[in-house]
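Architecture at a glance
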Amino acid sequence: MCIFCEIIDGNIPSKKVYEDDNFLAILDLSQTTYGHTLVMPKKHYDNFLAMPANEAGKLMEVVNIVANKIYKNLDCKGCNILMNTNEVAGQTVMHTHVHIIPRYNENDSIEIKFTENKFDLDEVLNKING
């Protein structure tokens with residue numbers, strides 16, 4: 001059984017930020033920044049792409065609720081809301097989860113950097129749309 005399923009089943013203790021019948025949000029043990037929270041479905045899906053669209057939408061509704069709670073109560077200036085899907089993208093626990101990482105200033109202990117690449121956008125669009 002995966003570690004998040006163990007947490008959901010109550011076999012491993014956690015610090016619960018939010019819980020309903022279908023979703024759980026807990027403080028991340030690593031605390032990249034103060035208040036770093038993970039939101040996950042209680043039903044096991046290996047990753048976001050494995051979730052039915054309606055469940056993925058419900059997950060994002062909960063992420064919105066939790067992110068607003070964090071933003072309001074921790075007085076952060078913003079937050080990163082991100083999800084890693086599969087190992088190549090940095091996913092280390094194969095159970096769908098969303099990171100909410102509060103940001104207090106530009107010197108927080110996290111860096112997300114986008115680099116620009118030149119691709120033929122028409123070719124990319126055609127491949128995506130099949």
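Preceding this section is the structure that the text describes.
Residues numbered from 1 in each chain as written. Predicted model: local features only at pLDDT ≥ 70, side-chain atom pairs only at ≥ 80, totals over all residues. Heavy atoms only, no water.

1. Brief notes about the pattern of salt bridges
Taken as a whole and judged by the stated rule, the model has 6 salt bridges. For Glu55, the salt bridge is made with Lys58, and the minimal N-O distance between the two is 3.6 Å. With a gap of 3 residues between them, Glu55 and Lys58 both fall in helix 2 (residues 53–74), about one helical turn apart. A salt bridge links Glu116 to Lys118, with the nearest nitrogen and oxygen atoms 2.7 Å apart. Of the two residues, Glu116 and Lys118, both sit in the exposed class. (Salt bridge = Lys/Arg side-chain N within 4 Å of Asp/Glu carboxyl O. Helix = DSSP H or I, 4+ residues; strand = E, 2+ residues; numbered from the N terminus. Buried < 20%, exposed > 50% of the residue type's maximum accessible area, 1.4 Å probe, protein only.)

2. Thoughts on the sheet that holds strand 5 (residues 98–103)
Pairing is antiparallel in the open sheet, where 5 strands are placed in the order 1-2-3-5-4. Every other strand in the sheet has two partners, leaving strand 1 (16–19) and strand 4 (78–82) as the edge strands with one partner each. Taking the axes of each pair of neighbouring strands and ignoring which way they run, one obtains an average angle of 15 degrees across the sheet. Pairing geometry for strand 2 (residues 23–27) and strand 3 (residues 37–41), over 5 bridges, is antiparallel. Across the sheet, the residue bridging to Leu24 is Met40, located in strand 3. (Pairing = 2+ DSSP bridges. Axes fitted to C-alpha atoms, helices over the stretch in contact; angles between N-to-C directions.)

3. Thoughts on the packing of aromatic side chains
Tallied over the full model, the rule gives 1 aromatic pair. The interplanar angle of 65 degrees and the centroid separation of 6.5 Å between the aromatic rings of Tyr34 and Tyr104 together place this pair among those described as edge-to-face. On the criterion of sequence distance, the pair formed by Tyr34 in the loop between strand 2 and strand 3 and Tyr104 in the loop between strand 5 and helix 3 (121–129) is long-range, its members being 70 residues apart. We classify Tyr34 as exposed; its relative accessible area is 61%. (Phe/Tyr/Trp six-rings, centres within 6.5 Å; stacked < 30°, edge-to-face > 60°.)

Geometry only, nothing functional implied.
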